[in-house]
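Residue strings, one per chain:
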Amino acid sequence: MDTFTQLRTLMADILKVSQEEITPETSQDDVKNWDSLQHLNIMLSLEQEFDLTLDVDDLASLTSVSAILKHINSTCPSR
Amino acid sequence: MSFQIVFEDWPHPHGLMRYGHIPWDSDIFGFPFYQLTISEMSEGLAESLPELLNFLCEQGEDKCLVCTKIPSHEVTKMRTLVEHGFYPIETMVEPYRDLRSFSGTRRFERLSLRLATVADKPQLFSIARSAFSMDRYHLDPNLPDDRASYRYEFWLENGMKSGDHVWVYRDSTDDRLVGFCHLREIDKGVVDFSLAAIEPKFQKSGFGVMMYSECLMECKKMGYAEIVTRISLNNIAVLNIYAHLGFLFRQPTVTFHCYADHSERMY
C-alpha cells in the first residue's frame, strides 16, 4: 500500500468520511469533522502508523493532506 | 462596580417574575441589561410581561436588553416569551465532571499552564478579543460585535483582579501564549470553568484538547472534586472535547433575549 492510500484510510476512518473525500488537496477547512480533537487523533495515529515522533510545531502545521504527506516522506526516506 | 445582580420581584413581592440589572454588561454595551427569572408557575405571564418590559425600558436609556434562561422542557413559557418579543439566542448545557476519577498526562513538556501575570495581559486580552464568535452576544444582531468581543477582555481583567484562577497555556520554547483558562471556585471542592480560549492561529490543531486536559489535572492537584461549566450547543468542537475528557451533561436551557428600543417614540 502506498503512503497516500495508507494515510487516506487512516484519515477517513478517524474523520468518519468516505475515502473519496480525502485527496492530496484536502485541507482542514474542507472537512467539517476535522476539529481540534480529531486533529489530535490523526496526529497520534500518524505516530503509530508511520512510526513518527511529532512535536508541537507539527501539530500546528500539519493541517492538510499534502503537508502530512510531505512530512511523512521527509522523515521516513525509505517510503 | 458590583459583580452581583440584585433582583427585585415583579409585579409585586413574591410575584411570578424577578428582574435584576446587570451592571457589567450595561457598562460594556452602553445601555441597560437585565436578567429575568420566571417562577415555575407561569400563569399570568402573558399579562405581566409587557408591563415589565415597558417599565424596564422607561428606566433610563429608552432601550434595554432583557435576557432570560428557560429549562428546555418549558415549551409553554417559551411560546409566551416569543409572543412578547423575545427571541431564542442559544441553547446551553452544563457539562460536569468528577475530578477524583480523572487522570491525564502531559504530552509535550514545553506546553504547560501557569498563573497569568500582568505582563501577559496584552497577549491574553488579544486572544480574548479574537477567539469568541459563537456566544450569544456575538450571535445577537442587536449587539455590536466589537463590544461583544471586549466583554471577554473585561471579564478576564476582573477575574485577575478578584483573585480567580486565570492561567495561561504557554509554549516555553518561545514563551508564546497558546491559550488561557479562567476558573472560579463556586463551592467547597467545586470549581467553575468560566472561560477558555485558544489563540486563533492554534485553533483546530489539538491544543485545546491538551489545554483542557492540563487544566483538569491542575484542578485535581489543587484538591477540587468537581468541575462544572456551561457551553452552547452551537459549539460542537468543544462539546466533543468535553465528551472526550469524560464530562457528562445536564440542565439544558434556552437563553432568550428581548431587545426593546423605544427611542423612536421620542421623535
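Residues numbered from 1 in each chain as written. Chains lettered and ligands numbered in written order. Predicted model: local features only at pLDDT ≥ 70, side-chain atom pairs only at ≥ 80, totals over all residues. Heavy atoms only, no water.

1. Things to note about the interface of chain A and chain B
Inference 1: The partner chain B presents 18 residues to the 17 residues of chain A that form the contact.
Inference 2: Summed over both partners, the interface of chain A with chain B buries about 1500 Å², with 61% contributed by carbon and sulfur atoms.
Inference 3: Summed over the three residues of chain A that lose the most area to chain B, namely S36, L37 and V56 of chain A, the buried surface amounts to 39% of that side.
Inference 4: The tally of links from chain A across to chain B stands at 4 salt bridges.
Inference 5: In this structure, E47 of chain A engages R107 of chain B in a salt bridge whose closest nitrogen and oxygen atoms are separated by 2.7 Å.
Inference 6: Connecting chain A to chain B are 6 residue pairs in polar contact (both at pLDDT 80 or more).
Inference 7: Ranked by residues supplied to the side of chain A that touches chain B, first place goes to helix α2 (residues 36–50) of chain A with 6 residues. (Contact = heavy atoms within 4.5 Å. Buried area = accessible area lost by both parts, 1.4 Å probe. Salt bridge = Lys/Arg side-chain N within 4 Å of Asp/Glu carboxyl O. Polar contact = N/O pair within 3.5 Å; in protein donor to acceptor, adjacent residues only side chain to side chain. Helix = DSSP H or I, 4+ residues; strand = E, 2+ residues; numbered from the N terminus.)

2. Quick look at the pairing of strand β4 (residues 63–71) of chain B
Residues and elements named next belong to chain B.
Inference 1: With 4 bridges connecting them, strand β3 (residues 33–38) and β4 associate as parallel partners. When the sheet's bridge partners are listed, Q35 is paired in β4 with C67.
Inference 2: One ladder, built from 9 bridges, connects β4 with strand β12 (residues 248–261); its direction is antiparallel. Within β12, the position partnered with K69 by the bridge is T255. (Pairing = 2+ DSSP bridges.)

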